[in-house]
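Overview (structure and organization)
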There are 2 protein chains.
Amino acid sequence: MNRRIVVTDGLAKEAILHLKNQGYSVDEISFSKDEINNGSLRDYDAVIIRSATKLDKIAIESNSEGKLKVICRAGVGVDNIDINAATNHGIMVVNAPSSTTQSVAELTIGHLLSCTRHISRGDRLMRDGIWAKKELRGSELSGKNLGLIGYGRIARKVSHLAIAFGMDIHAFDPYLPDNQFEGITKHETIDDLFSKCTHISVHCNLTEDTRKLIGEDLINLMPQLGADGSNCGRYLVSLSRGGIVNELELFNCLNNEKLTCAGLDVFEIEPVLKNKLLNCDNFIGTPHIAASTVEAQIRVGLESANQIITSLNGELPKNIINKEIFD
Amino acid sequence: MNRRIVVTDGLAKEAILHLKNQGYSVDEISFSKDEINNGSLRDYDAVIIRSATKLDKIAIESNSEGKLKVICRAGVGVDNIDINAATNHGIMVVNAPSSTTQSVAELTIGHLLSCTRHISRGDRLMRDGIWAKKELRGSELSGKNLGLIGYGRIARKVSHLAIAFGMDIHAFDPYLPDNQFEGITKHETIDDLFSKCTHISVHCNLTEDTRKLIGEDLINLMPQLGADGSNCGRYLVSLSRGGIVNELELFNCLNNEKLTCAGLDVFEIEPVLKNKLLNCDNFIGTPHIAASTVEAQIRVGLESANQIITSLNGELPKNIINKEIFD
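Residues numbered from 1 in each chain as written. Chains lettered and ligands numbered in written order. Predicted model: local features only at pLDDT ≥ 70, side-chain atom pairs only at ≥ 80, totals over all residues.

**Focus: the domain arrangement of chain A**
One can read the domain layout of chain A as domain 1 (4-99 + 294-326) and domain 2 (101-285). Taken together, the contact between domain 1 of chain A and domain 2 of chain A spans six residues of the former and five residues of the latter. (Domains from an automatic or database assignment. Contact = placed C-beta atoms within 7 Å.)

In structure tokens:
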């Protein structure tokens, strides 16, 4: 058979072993942009990428005149792949969307609790020799309204966890039919959502519609008191994609304490080496690790491997992004 | 009536207002140890303390020859009060145990998630200009065994939250009857509990039996893999009382990575100004803030005020610690 697969951004060793056991030859190589634009992927039947490898139009066109039949995103977001270019050249794009849901949802609650209870700040102050017990009074998640921007797979899992804490769930998602909001409060506009929620978590994709969607105007709408009447403050977390939250306006809202605290796992420019947000005491940053758990990476790897195997066997994989290549 | 109450460690303003509305005179004064030992509390009918004021035998004896009839601990732990001395002098001791349950349980999950997902460490590294995405791979709570030392009110709430995350709950509590462990796994010995659990949370009281109870010997028993077979690491958190976890041995276990990460909200010596644990990258410290939320402090204040009102009216308060004063 001699089918060759290249893994450019790493993959769980369990998944690579699985592919090799199925008779595939697997190379693990990180290519530079120039190497890709010079056709490094041409001799492979499939490439498995994560978020680091960018497959824009030029990259895809440069590799379309060879064996390449499948691009697999080992993860969820395919905004680093030019789907139209892939479709035009008959290259299938697949991803592994369900493998990371639990990990992202757990870190979302982790960010919310770190915000409401000043965990990272308390730890930092203690390391500086400051016992700030009195200054670090927090608030409970219980009894508050959690607003979810986007109500897909991850937001639903967050909703399940937050309900256990005693939160009331509100969501805005214009792409979902009404029957998908069972047990929670659906909002028709994002303004309406912000005006009801002291706690906001962002779970939508980055598109031209959502770029810099969340800024000062919306944050200004958030209520002064929690749904239970307590003076709990206002919180925003995002583990979706950088660029949906307007970072400059977020900085202003943290600085003037319109927001009590905010947590981001994703940033407009990554990797972050310098960012004004990191000067704010009431900010928590993590380096895009929402899907980075041993469990999720094994699941992502195996799901990706199986998508590739199915595709190269000429069958229809479950998570195909550009079904239209068959039109 | 002219009944006088003194509040020595602060109390929610809502509670002080409630007492005043009921006709009590309320002073808010922080006394030094010397002032207390010189009888500063003698002219009050009741004193409301938190953890800062220590009412040892001498303090109680120095104030027993006056009006003092009730000591109220606005919170749970009464280890700062010599109960025997109070009983011997006919002074009632009450507390407000249920008000803080939700807050402590939420911070417990917050500490667990900060540990398993390296939230505080990621934030610290980002502030130092380091994007440690690859180094900060975490693990999911889902599918793991959580071991609870003590299975009282707070541990049960933690259990409820952890179950939502997909954890299996194990507990050791020699003081509870068998029928109190419904839906979870009861362990007969603490060794047995540690040998089954990759995640441990401490919820017992500090007594002579529990002092330095948790150290290297027990940590050495923790399994190498999670209950779901994943290489998740080993975690310990405590928000109960300082001194139950042996800090020197905890430091060793963090240093040699027998523990992947640990989180403490309580310490052998408080306030902490210097502590070797704070040199560990894989440690998270918070300054005894588990009960410090706006919601819990209002509930604690009102519950305390009502305990005092009931007692001074000659009725039996719900949360009396030393019922034997009536013997």
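Continuing now.
**Digging into the interface of chain B and chain A**
At the interface, 50 residues of chain B touch 50 residues of chain A. Breaking the side of chain B that touches chain A down by element, the ones donating at least two residues are α5 (101-116), α6 (119-127), α7 (153-164), β12 (283-285) and α11 (294-312) of chain B. With nine residues, the single largest contributor to the side of chain B that touches chain A is α5(B). (Helix = DSSP H or I, 4+ residues; strand = E, 2+ residues; numbered from the N terminus.)

**Digging into the environment of Glu295(A)**
One can find Glu295(A) in helix α11 (residues 294-312). C-alpha separation for the pair Glu295(A) and Ser103(A), spaced 192 residues apart in sequence, amounts to 8.1 Å. Discounting chain neighbours no more than four positions away, the residues touching Glu295(A) are Ser103(A), Ser139(B), Glu140(B) and Ser230(B).

**Digging into the sheet that holds strand β9 (residues 199-202) of chain B**
Residue and element names in this part refer to chain B. Spatially, the seven strands line up as an open sheet ordered β8-β7-β6-β9-β10-β11-β12, and their pairing is parallel. Both edges of this open sheet fall to β8 (185-186) and β12, since each of them pairs with a single strand only. Most of the contacts of α5 go to strand β10 (residues 235-238), to which it runs at about 150 degrees, and overall it touches β9, β10, β11 (261-264) and β12. (Pairing = 2+ DSSP bridges. Axes fitted to C-alpha atoms, helices over the stretch in contact; angles between N-to-C directions.)

**Here's the deal with the relation of the copies chain B and chain A**
For the match of chain B to chain A, the screw axis carries a shift of 0.0 Å, the RMSD comes to 0.0 Å, and the turn is 180 degrees. These values place the two chain copies in the arrangement generated by a two-fold rotation axis. Minimal C-alpha separation from the rotation axis in chain B is found for Ser120(B), amounting to 2.3 Å. (Least-squares fit on C-alpha atoms with pLDDT ≥ 70 in both.)

**Things to note about the nonpolar core**
Ala262(A) and Ala262(B) are the most contacted members of the largest nonpolar core, which has 192 residues in total. Sequence-distant contacts of Ala262(A), that is, excluding residues within four places in its chain, are made with Cys115(A), Tyr235(A), Leu236(A), Val237(A), Leu250(A), Leu254(A) and Phe283(A). (Core = buried A, V, L, I, M, F, W, Y, C linked by C-beta atoms within 7 Å. Buried ≥ 20, exposed ≤ 12 C-beta atoms within 10 Å, placed from the backbone.)

**Describing the pairing of β10(B)**
All names here are of chain B. Residues of β10 alternate between two faces, with Tyr-235 and Val-237 on one and Leu-236 and Ser-238 on the opposite face, all of them buried. With four bridges joining them, β9 and β10 adopt parallel strand pairing. Looking at β10, one finds that Ile-200 is bridged to Leu-236. Both β10 and β11 contribute to a ladder of four bridges, which runs parallel. In the sheet register, Val-237 faces β11, and the bridge partner there is Gly-263. In the classification by handedness, the crossover that spans β10, the intervening helix α10 (residues 247-255) and the parallel β11 is right-handed. (Right-handed = clockwise from strand over helix to strand, strands pointing away.)

**With respect to the sheet that holds strand β2 (residues 25-28) of chain A**
Residues and elements named next belong to chain A. Strand order in the open sheet formed by five strands is β2-β1-β3-β4-β5, and the pairing between neighbours is parallel. Every other strand in the sheet has two partners, leaving β2 and β5 (92-95) as the edge strands with one partner each. Neighbouring strand axes in the sheet, compared pairwise and without regard to direction, differ in orientation by 20 degrees on average. Running over the sheet, α11 touches β1 (4-7), β3 (46-49), β4 (70-73) and β5 and is turned about 165 degrees from β4.

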